[in-house]
Amino acid sequence: MENLRGVPGFSFPGLSIYDYRFTIYATDMSEVNVKLKGGAGAQIPGPVTVGEALKRLDRDAAKQALAARVNGREVDLAFSLNTQNGEAIQIEPVLPETREGLDVLRHSTAHLLAAAVLDLFPGTKLGIGPALLDDPRYGFFYDVITPRALTEADLPIIEKRMRDIAKRNLQYRRDEIPKSDAIRIFQERDEPLKCALIADKGSDTVSVYYIDGSPFIDFCLGPHVPNTNKLRAFKLLSLAGAYWMGDATQPQMQRIYGTAFFTPAELEAWLKQREEAEKRDHRRLGRELDLFSIQEQYGQGLIFWHPKGGIIRQQMEDYLREELIKRNYSVVYTPHIAKRELWQISGHEENYGDSMFAPTTIEEVEFRLKPMNCPMHIAIYKSQQRSYRDLPQRYGEMGTVYRAELSGTLHGLMRVRGFTVDDAHLFCTPEQVRKEIDDCVDFAYQVLKTFVFDKIKFELSVKGNDTSKKWLGAEEEWAVAEAALAEGLDGRGIKYERIEGEAAFYGPKIDFKIEDAIGRLWQLGTVQWDFNLPERFELEYIGEDNKPHRPVMVHRALFGSIERFFGVLIEHYAGAFPMWLAPVQVAVLPITDRINDYAEQVASELRAGGFRVESNLRSEKIGAKIRDAQMQKVPFMLVLGDREIEQNQVAVRERLKGDIGVMSLAEFSNMARKLVAERALVNS
Ligand SMILES: [Zn+2]
Ligand SMILES: [Zn+2]
């Protein structure tokens, strides 16, 4: 969901603009009693603006602040404080380098954009202009209808005008006016869309914002930065078509996208990363390297794994299965659909129904596709009576699940409608769980290292003191579970961030995030404790005391979605997979057709040795053959000419290093086999 903060009627569902207009006052006192959140307090003669009050409380914070929270509500620094029956008014600055700060900064920059467009193209009609915080591509947009259609060539001109306005250090000013006045203002400006918006969303009084000294005026809730001088690092990125209110029957507009950061260095770094990310985009590389496709005519969000992508997936899965066996897991397979009843017991229908595909009926029995594998593994556990001697039970499955994601949220391999999770569920006694968690953490660490993610971030999400969520499980159970997870990390000397209040409602969890080759963070696997499902399914084991007990259940995935992990890998490696994963490991390239028989012989010997080999027997120049293999990012090329036949040798080229010398086929095979066995990242 796009963040539409600051856009009237979108910001706070159910809260009208009138509710937002609050002034704290009482007439019988002249001193304002203010207090910095978690800090000093002061009595100041009122009325006083938040900015001035902040200056008295914390000079540094006042200098940096972009806006503030007053008793929890976000306001401009120019917001006027009056006395409030002597009760302290709590003030909290909205600072740079925070999510809220970025929101205010980007939203204010969107207004600056609108001001520049109005300045350059008088008569422009404005749509909406929110900040975007979670879209990796953009930081804000503004929808406009200009007297003539804009082109990409206009963007630098508009951006320059934005800079000119920013330098003039103009003030953002808020005004509260009667609704009828606001409508009249926008009628005079011939902005029928704004008039309709105000008529629809505005209360008796509405707030409008000006950028003083510019033609900009907008119906908006704010807050904004106090002046344009705060906006020092922004860039316009692209143009797209848009409809007013996202409705294709409404007037067509143009959407100008841009982004903004707190400092020019941050903007610079982001632009660099963006450029690098475009080069590595898994959708582009997936096409160029023929790894996978999404075919909209057969359904959005569904992945077709092509032969070359299929090989990589098979290697990923084989590696994981190998590890599962070493770690004494059982490998299981479960159905993709189950009776509705199962999803009712598990609570998925109740809590997760919107993300599930609709039921399908066979002989009057309703079935649903599985959105998660957990209940299936529970069914295996429950298939017989378990004794404490049978525990732990560890079930691992490459479990394919289906989720009814909306088309607007789908993105390449990263967000899809059908995907496979390297899912596992552990059922154990409370005494065993500490060691199980320890093994999960070790397992995760090893897997991520193998794929050469050197920077792994661990997060431990706990219940904390948050009483706003409805938590399942008793207080003591939480304490035990959180301690077990924390010890699993501490025991390995792993540094992690403890996040209060972010646990799942059914238990605490550890999340793994990795930083890829260009510094982006990706959330991958998780280890989650579950108080919920063992209760719902009434799981039991017979203890040493011959009485039934409830087992502990742990959910654990390391890749998370294999599709998504593959997408991350493609971008992390920029398509150049290490030897053990590469779909084609060796390209055999004869220099002339005369050598083709020898090339075939070399290729078949390598294949017999277990390598994935392609020989290029086309009548092309050797330079073209090498270039082609380079483009396909094949780790090794064997270049064969007359001399190689005579000496029964191969001339070896490595993808990055180029020529690494002539050797016997046995020598090459040994070197290559070692790389595969070690799952080494870099060749030779
Ligand atoms: Zn605004
Ligand atoms: Zn699960």
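Look a little higher up for the structure.
Residues numbered from 1 in each chain as written. Chains lettered and ligands numbered in written order. Predicted model: local features only at pLDDT ≥ 70, side-chain atom pairs only at ≥ 80, totals over all residues.

(A) Representation of the overall build of the chain in the model. A count of helical and extended segments in the chain gives 21 helices and 34 strands. Split into buried and exposed, the 684 residues of the chain put 37% on the buried side. (Helix = DSSP H or I, 4+ residues; strand = E, 2+ residues; numbered from the N terminus. Buried ≥ 20, exposed ≤ 12 C-beta atoms within 10 Å, placed from the backbone.)

(B) Geometry of the sheet that holds strand β7 (residues 89-94). Read across the sheet, five strands follow the order β2-β1-β7-β4-β5 without closing on themselves; strand pairing throughout is mixed. If you trace the sheet from one side to the other, it starts and ends with β2 (41-45) and β5 (73-75), each paired once. This sheet shows a mean twist of 35° between the axes of neighbouring strands, independent of strand direction. Sheet topology places strand β4 (residues 67-70) next to β7; four bridges connect them, and they run antiparallel. By the bridge assignment for β7, Val70 is matched with Ile91. Across the sheet, helix α2 (residues 50-57) lies against β1 (31-36), β2, β4, β5 and β7, angled at about 90° from β7, the strand it touches most. (Pairing = 2+ DSSP bridges. Axes fitted to C-alpha atoms, helices over the stretch in contact; angles between N-to-C directions. Contact = placed C-beta atoms within 7 Å.)

(C) Fine view of the pairing of strand β24 (residues 496-500). Bridge analysis of strand β23 (residues 455-462) against β24 gives five bridges, and the strand direction is parallel. Across the sheet, the residue bridging to Ser461 is Ile499, located in β24. For the crossover that starts at β23, traverses helix α15 (residues 475-490) and ends in the parallel β24, the hand is right-handed. (Right-handed = clockwise from strand over helix to strand, strands pointing away.)

(D) Here's a closer look at the nonpolar core. Among the nonpolar cores identified, the biggest contains 88 residues, and Val588, Leu638 and Leu640 are the most heavily contacted of them. Both of domain 3 (300-334 + 373-572) and domain 4 (586-678) provide at least three residues apiece to this core. Excluding residues that lie within four positions of it along the chain, Val588 makes contacts with Ala599, Val602, Ala603, Val613, Ser615, Leu638 and Leu640. Counting 65 residues, the second-largest nonpolar core is a separate cluster that includes Val34, Ile89, Val144 and Val225. (Core = buried A, V, L, I, M, F, W, Y, C linked by C-beta atoms within 7 Å. Domains from an automatic or database assignment.)

(E) Highlighting the packing of helix α6 (residues 179-188) against helix α7 (residues 192-201). Taken N-terminus to C-terminus, the directions of α6 and α7 make an angle of 170°; their axes are 8 Å apart at the nearest point. In this view, α6 runs roughly antiparallel relative to α7, as classed from their interaxial angle. Judged by residue contacts, Lys179, Ala182, Ile183, Phe186 and Gln187 of α6 engage Lys194, Cys195, Ile198 and Ala199 from α7. In terms of residue class, the contact of α6 with α7 is built from six nonpolar, one polar and two charged. (Parallel < 35°, antiparallel > 145°, perpendicular 65-115°, else oblique. Nonpolar A, V, L, I, M, F, W, Y, C, P; charged D, E, K, R; others polar.)

(F) Spotlight on the sheet that holds strand β8 (residues 125-126). Reading across the sheet, the four strands line up as β8-β9-β14-β13 and stay open at both edges, with antiparallel pairing between neighbours. Single-partner strands in this sheet number two, and they are β8 and β13 (233-243). Where strand β9 (residues 140-145) and strand β14 (residues 252-261) come together, five bridges link them in antiparallel fashion. Paired with Asp143 across the strands is Arg255, a residue of β14. Strands β13 and β14 of the sheet are contacted by helix α8 (residues 264-280), whose axis makes an angle of about 55° with β13.

(G) Local environment of helix α10 (residues 307-326). In this model, α10 (20 residues) spans 28 Å end to end at C-alpha, consistent with the 28 Å of a helix rising 1.5 Å per residue. Within the sequence span of α10, burial applies to Gly309, Ile312, Arg313, Met316 and Leu320. All buried residues of α10 lie within an arc of 95° about the axis, which places them on one face of the element. What points out from α10, more than 90 degrees from its buried face, is the exposed set Pro307, Asp318, Glu322, Ile325 and Lys326. Looking at the packing, one finds that the buried side of α10 touches β15 (292-293), β16 (304-305), β22 (418-428) and α17 (562-572). Note on α10: the residue one or two positions beyond its end, Asn328, has a positive phi of about 65°. (Expected span 1.5 Å × (residues − 1). Arc of directions from axis to C-beta.)

(H) Representation of the environment of Arg618 within the structure. Here Arg618 shows up in the loop between β31 (613-615) and α19 (622-631). Taking the number of C-beta atoms within 10 Å as the measure of exposure, Arg618 has 12 and is therefore exposed. Separated by 478 residues in sequence, Arg618 and Phe140 place their C-alpha atoms 51 Å apart.

(I) Broad picture of the environment of Glu159. Of note, Glu159 is situated in helix α5 (residues 154-167). Judged by C-beta crowding, with 18 C-beta atoms within 10 Å, Glu159 ranks as partly exposed. In this structure, the C-alpha to C-alpha distance between Glu159 and Ser461, residues 302 residues apart in sequence, is 42 Å. Sequence-distant contacts of Glu159, defined by excluding residues within four places in its chain, comprise Lys235 and Leu236.

(J) Structural detail: the packing of helix α14 (residues 433-450) against α15. Relative orientation of the contacting elements α14 and α15 amounts to 45°, with a least axis distance of 8 Å. With respect to their mutual orientation, α14 and α15 come out oblique. At the point where α14 passes α15, the crossing takes the right-handed sense. Taking contact as the criterion, the partners of Val433, Arg434, Ile437, Asp438, Cys440 and Val441 in α14 are, on α15, Ala484, Leu485, Glu487, Gly488 and Leu489. The class makeup of the residues in the contact of α14 with α15 is seven nonpolar, one polar and three charged. (Left-handed = near helix turned anticlockwise from the far one by under 90°.)

(K) Expanded view of unusual backbone geometry. Between Gly222 and Pro223 the backbone carries a cis peptide bond, its omega angle lying at 0°. Inspection of the secondary structure puts Pro223 in the loop between β12 (217-219) and β13. Note that the residue after Leu391, namely Pro392, is joined by a cis bond; omega there is -5°. By the element assignment, Pro392 lies in the loop between α13 (374-381) and β21 (393-402). The phi dihedral of Arg679 falls on the positive side, at around 50°, and the residue is not glycine. For Arg679, the location among the structural elements is in the segment after α21 (665-678).

(L) Structural view of the environment of Phe451. Considering the arrangement of structural elements, one finds Phe451 in the loop between α14 and β23. In this structure, the C-alpha to C-alpha distance between Phe451 and Leu120, residues 331 residues apart in sequence, is 52 Å.

Honestly, it's all geometry; don't read function into it.
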